[in-house]
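# Close look at the chain arrangement
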Amino acid sequence: MQPSNPHILRLDQFTSELDGFDLVIDVRSPAEFALDHIPGAVNFPVLNNEERAQIGTLYKQVSPFAAKKLGAALVSRNIADHLEQHLLEMPREWRPLIYCWRGGERSGAFTHILNRIGWKAMQLEGGYQGFRRTVIDGLNTAASQFSFLVVCGMTGSGKTRVLREAQGLGAQVLDLEALAIHRGSVLGNEPNIEQPTQKGFETALWNALRCLDPVKPVLVESESKKVGGVHVPDALMERIRNGACIELRSSAQTRVAWLLREYDHFLKDTDNLKKKLALLTAHYGKVQIAQWSEAIDGGQFPQLVKELLIKHYDPSYQSSIVRNFPRYKQEHFVQLENDSDAAFADVAKAIVEKMHV
């Protein structure tokens, strides 16, 4: 691949020009695409999972030439299918960006055909691997450029809701739980939604940060380094933990009420709730887990939630907040009066005002 090729998008141009393309097409296999991909990309594989494995085996066991012959036939057939199924209605001015694993033959073939037709297709230099380097470099840069205001608070205080309210008021927000598709605790899995891979999470982080202004502060929730099965990159986590902190406080009654609203899927799927709590057996013993299961069977959810806060969540928060967030001070707080929409709006407004001080 020659850098002088007019249909090659150089990697140093990628971030500034990405949003100018009409479509980003990932021609890798569905399995490769599922692990991670450029945000907003669609998957038009020129080799599916089985075909890619077949070509790889042929390359190793017979010869590269034999693999290329069969690969060319499969790639040509699949590109023709994508043209017929997805692209025939595209206007002449349509401008897609194409990439594969390394920016080589798979994306090169697709790009060549689209340009021969008359579209203005570009091929990404370095492919996904080049994009991955861009993500890593971008996250490292963000860790040195951005400043964060950390919203702290015990479980159930409504931190995520406040972040969303603040965003509606114009504040810059980095919602780690939304990007990780996890609420950050043993009960944090979102129902029927898988978390992204680690690479996918880092891509989502990169994409969120590139849309923010590093000159202005960013609101973020106090989180552990690990959010479910993914973790925040070290440099970025260190930057967040050294941010100024403001604590969101609310009464036990308000927290219980809010948690019952936010986690109502567990009230409908009590077997799943029991399975999640059983993961805490090593910490609290079989007797305690059995008592919590009895409370679930008896529909004693407010009592159960309050006990989980007192025994599990609050001690964990209190032992970690000072250790992990050195700029945390107890006198820096806002009070959530109840779990009403108006109360959340009030504390969000108060936090946003503090950001401008």
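Residues numbered from 1 in each chain as written. Predicted model: local features only at pLDDT ≥ 70, side-chain atom pairs only at ≥ 80, totals over all residues. Heavy atoms only, no water.

For the chain, the count of helices and strands is 16 helices and 12 strands. With the principal axes as the frame, the chain shows a C-alpha extent of 70 × 50 × 35 Å. When burial is assessed residue by residue, the chain has 45% of its 357 residues classed as buried. Intrachain contacts of the chain at a sequence separation of at least 6 include 73% that bridge at least 24 residues. Carbon and sulfur atoms form 51% of the exposed surface of the chain, whose accessible area is close to 18,300 Å². Measuring between centres, the 41 positive side-chain charges of the chain sit 5 Å from its 42 negative side-chain charges. (Helix = DSSP H or I, 4+ residues; strand = E, 2+ residues; numbered from the N terminus. Buried < 20%, exposed > 50% of the residue type's maximum accessible area, 1.4 Å probe, protein only. Contact = heavy atoms within 4.5 Å. Areas by Shrake-Rupley, 256 points an atom, 1.4 Å probe, with all protein chains shown as cover. Lys, Arg positive; Asp, Glu negative; His and termini not counted. Charge placed at Lys NZ, Arg CZ, Asp CG, Glu CD.)

Turning to the sheet that holds strand E11 (residues 244-249), a few remarks are in order. Spatial strand order, E7-E8-E6-E11-E12: five strands in an open sheet with parallel pairing. If you trace the sheet from one side to the other, it starts and ends with strand E7 (172-174) and strand E12 (333-335), each paired once. Each neighbouring strand pair of the sheet contributes to a mean axis angle of 30°, computed without reference to strand direction. Relative to E12, E11 is paired through three bridges, and the arrangement is parallel. Bridged to arginine 249 within E12 is glutamine 335. Across the sheet, helix H7 (residues 159-168) is in contact with strand E6 (148-152), E7, strand E8 (218-221) and E11; its angle to E8 comes to roughly 165°. (Pairing = 2+ DSSP bridges. Axes fitted to C-alpha atoms, helices over the stretch in contact; angles between N-to-C directions.)

What follows is about the environment of alanine 235. On the secondary structure map, alanine 235 appears in helix H10 (residues 234-241). Considering only alpha carbons, one finds alanine 235 and glutamine 198, 37 residues apart in sequence, at a separation of 15 Å. Not counting residues within four places of it along the chain, the set of residues in contact with alanine 235 comprises Asn140 and Ala143.

Bringing the packing of helix H13 (residues 270-278) against helix H14 (residues 281-297) into the picture now. For the pair H13 and H14, the least separation of the axes is 9 Å and the interaxial angle reads 165°. If you check the angle between H13 and H14, you find them roughly antiparallel. The element H13 and its partner H14 pack so that their crossing is right-handed. Contact residues: Thr270, Leu273, Lys274, Leu277 and Ala278 in H13; Thr281, Ile289, Trp292, Ser293, Ile296 and Asp297 in H14. In the contact of H13 with H14, the residues fall into six nonpolar, three polar and two charged. (Parallel < 35°, antiparallel > 145°, perpendicular 65-115°, else oblique. Left-handed = near helix turned anticlockwise from the far one by under 90°. Nonpolar A, V, L, I, M, F, W, Y, C, P; charged D, E, K, R; others polar.)

Across its 13 residues, helix H3 (residues 49-61) extends 18 Å between first and last C-alpha, which sits within 8% of the 18 Å expected from 1.5 Å per residue. Taking the backbone nitrogen of glutamate 50 as reference, a side-chain oxygen 3.1 Å away marks asparagine 48 as the first, capping residue of H3. (Expected span 1.5 Å × (residues − 1). Polar contact = N/O pair within 3.5 Å; in protein donor to acceptor, adjacent residues only side chain to side chain.)

Here we come to the nonpolar core. Among the nonpolar cores identified, the biggest contains 44 residues, and Phe14, Ile38, Leu97, Leu124 and Ile240 are the most heavily contacted of them. At five residues, the largest contribution of residues to this core is made by helix H6 (residues 127-145). (Core = buried A, V, L, I, M, F, W, Y, C linked by side-chain atoms within 4.5 Å.)

Attention now moves to the packing of aromatic side chains. In this description, an aromatic ring pair is defined by two values, namely the gap between the centres and the angle between the planes. For the structure on display, the rule yields 10 aromatic pairs. Between phenylalanine 14 and tryptophan 206, the ring centres sit 6.2 Å apart and the planes meet at 15°, which makes this aromatic pair stacked. Of this pair, phenylalanine 14 sits in helix H1 (residues 11-17) while tryptophan 206 is found in helix H9 (residues 198-210), placing the two residues 192 residues apart along the sequence. Pair check on accessibility: phenylalanine 14 and tryptophan 206 agree, each one buried. Through successive ring pairs, a cluster of aromatic residues spans Phe14, Trp101, Tyr128, Phe131 and Trp206. The ring of tyrosine 128 has arginine 28 sitting right over it, with the charged end atom 4.5 Å from the ring centre. (Phe/Tyr/Trp six-rings, centres within 6.5 Å; stacked < 30°, edge-to-face > 60°. Lys NZ or Arg CZ within 6 Å of the ring centre and 35° of its normal.)

Before going further, it helps to examine the environment of valine 322. Within the secondary structure, valine 322 sits in helix H15 (residues 301-324). Sequence separation between valine 322 and alanine 67 is 255 residues, and the spatial gap between their C-alpha atoms is 59 Å.

Here the focus is the pattern of salt bridges. A complete count under the given rule lists 20 salt bridges for this structure. Across the pair aspartate 297 and lysine 274 runs a salt bridge whose closest N-O atoms are separated by 2.5 Å. Here lysine 274 lies in helix H13 and aspartate 297 lies in helix H14, a separation of 23 residues in the sequence. A relative accessible area of 56% places aspartate 297 in the exposed class. (Salt bridge = Lys/Arg side-chain N within 4 Å of Asp/Glu carboxyl O.)

Taken together, the four bridges between E6 and E11 define a ladder with parallel strand orientation. Bridged to leucine 149 within E11 is alanine 244.

With respect to the secondary-structure elements, glutamine 172 resides in strand E7. Within the structure, glutamine 172 has its side chain in polar contact with the backbone oxygen of lysine 216 (distance 3.2 Å). Once residues lying within four places of it in the same chain are set aside, the contact partners of glutamine 172 are Leu212, Asp213, Lys216, Pro217, Val218 and Leu219.

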